[in-house]
Amino acid sequence: MNGPLAAIRILEVGTMLAGPYATMMLADLGAEVTKIEPLAGDISRQVSDSYFASLNRGKRSICLDLNTDEGQRRLGELVAQSHALLVNQKPSTIHKLGLTYRALRRFNEKIVCVALTGFGLYGGDDPAFDYIVQAATGIATLTGDPKSPPTLPGYSSADNSTGLTAALGLLAQIVSGSGGQVDVSLRDVMLSQLNYRAAAYLNDGIEPKRYPNGAHSFYVPAQLFPTVEGYLALFVTHDAFWRLFATEAGIAGDRLPYPTMAERSARREEVLALVSSALANDTAIEWEARLRPLGIPAAAVRTLPEALEATPEAIVSAGAYRLVGSSIRVDGYRPEYRPPPALGQHGELPAHSS
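Residues numbered from 1 in each chain as written. Predicted model: local features only at pLDDT ≥ 70, side-chain atom pairs only at ≥ 80, totals over all residues. Heavy atoms only, no water.

Attention now moves to a nonpolar patch on the surface. A surface patch of nonpolar side chains, amounting to about 260 Å² of accessible area, comprises Leu224, Tyr231 and Val301. Among the secondary structure elements, Leu224 is positioned in strand S7 (residues 222–226). A residue is classified by how much of its surface remains accessible, and Leu224, at 32% relative accessible area, is partly exposed. (Patch = residues over 30% accessible without salt bridge, like charges linked within 9 Å, V, L, I, M, F, W, Y side chains within 5 Å. Areas by Shrake-Rupley, 256 points an atom, 1.4 Å probe, with all protein chains shown as cover. Salt bridge = Lys/Arg side-chain N within 4 Å of Asp/Glu carboxyl O. Helix = DSSP H or I, 4+ residues; strand = E, 2+ residues; numbered from the N terminus. Buried < 20%, exposed > 50% of the residue type's maximum accessible area, 1.4 Å probe, protein only.)

The following block contains the structure:
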């Protein structure tokens, strides 16, 4: 079976993470992605070979100097044969190089142009790296222990989330059947992902705050707990989960304590003390083994190496590289995980019928 995007041709003028991640997800689904790189290559090539591979497998690479007439001429030829162009650069660079629908529609009325920026295509050139945007949108103040400084996740959540959003916008505009400009920014994506936190403040005046051990703002118990060995993530939401957990943990007794969600939320500290005492009697791994068969959401906290070892089916080979495969599974289709391209490996675009 061909991939669901086998007939789609996408151009990428991408750098580092967000843009390349977006187009790699599309390449995994069968799209032909041509990466347009400057003569020195995407700067991410300088990080490490494995870093570049993790974001650019299965793509083609051509080198163009888009600051020259020849580079612009070649860009026009590529646009005429493509469905979409995705670019993540500073807005001033995008406009200067003519990487917008307004500039490129003369080559192809149906081209979809996706601009992936920090603050919007018309939002200026302020630096917008992942961690900067997380700080600016309130993410950092929601993360970490309340008695400690704000902190950040251990991976690029803003870049990855914006890449996925850009891929969604690109496909939506292609499905519409008409060309056009799609504008996606890191700031807007991260604010959008604060959905219920933002709604609670905007509608109810509830200012979000941090809780110890990454606790949820309403559900109790829903956080990390220390055990005899390791930490356990426990996420008890509705009352049936609580009843099952309390019985397994030996804290139900003759009468189930704190039987309702609202009561557990109102008496948070009492509930947490009770649960912490019970969980201190076994290891995180054993608690996971005991609770999961009951349908209770629980997991031992693992390192990344431990998580990868536990899920070998998620690891694929792309040439000489071992990588985490696509998170989108389509029945009857298995991606052809090809290695990342060498710089300028595909200098000539293959012939396509128009």
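Here we come to the pattern of salt bridges. Per the stated rule, a full pass over the model turns up 16 salt bridges. Glu70 is paired through a salt bridge with Arg73; the nearest N and O atoms lie 2.5 Å apart. Remark: Arg73 and Glu70 occur in helix H3 (residues 69–80); sequence separation between them is three residues, near one turn of the helix. Looking at Glu70, the relative accessible area reads 46%, which means it is partly exposed. For Glu77, the salt bridge goes to Arg73, with nearest N and O atoms at 2.2 Å. Placement of both Glu77 and Arg73 in helix H3 is noted, with a separation of four residues, approximately one turn of the helix. On the basis of relative accessibility, which here comes to 31%, the residue Glu77 falls in the partly exposed class. Put simply, Glu12, Lys35, Asp42 and Lys59 are held in one network by salt bridges that share partners.

If you look at the biggest cluster of nonpolar residues, it comprises 27 residues, and the most contacted ones within it are Ile10, Leu26, Ala31, Val114, Ala166 and Leu170. With sequence-adjacent residues up to four places away left out, Ala31 is seen in contact with Leu5, Ile8, Ile10 and Leu26. One finds Ile251, Leu272, Leu279 and Ala300 within the second-largest nonpolar core, a separate group that totals 25 residues. (Core = buried A, V, L, I, M, F, W, Y, C linked by side-chain atoms within 4.5 Å. Contact = heavy atoms within 4.5 Å.)

With that settled, consider unusual backbone geometry. A cis amide bond links Val220 to the next residue, Pro221, at an omega of 0 degrees. Here Pro221 is to be found in the loop between helix H9 (195–204) and S7. In the Ramachandran plot, Asn213 falls in the positive-phi region, its phi being about 60 degrees despite a non-glycine side chain. Along the chain, the position of Asn213 falls in the loop between H9 and S7. Judged by relative accessible area, which is 37%, Asn213 ranks as partly exposed. Its identity is not glycine, yet Tyr258 carries a phi of approximately 50 degrees, on the positive side. We classify Tyr258 as buried; its relative accessible area is 13%.

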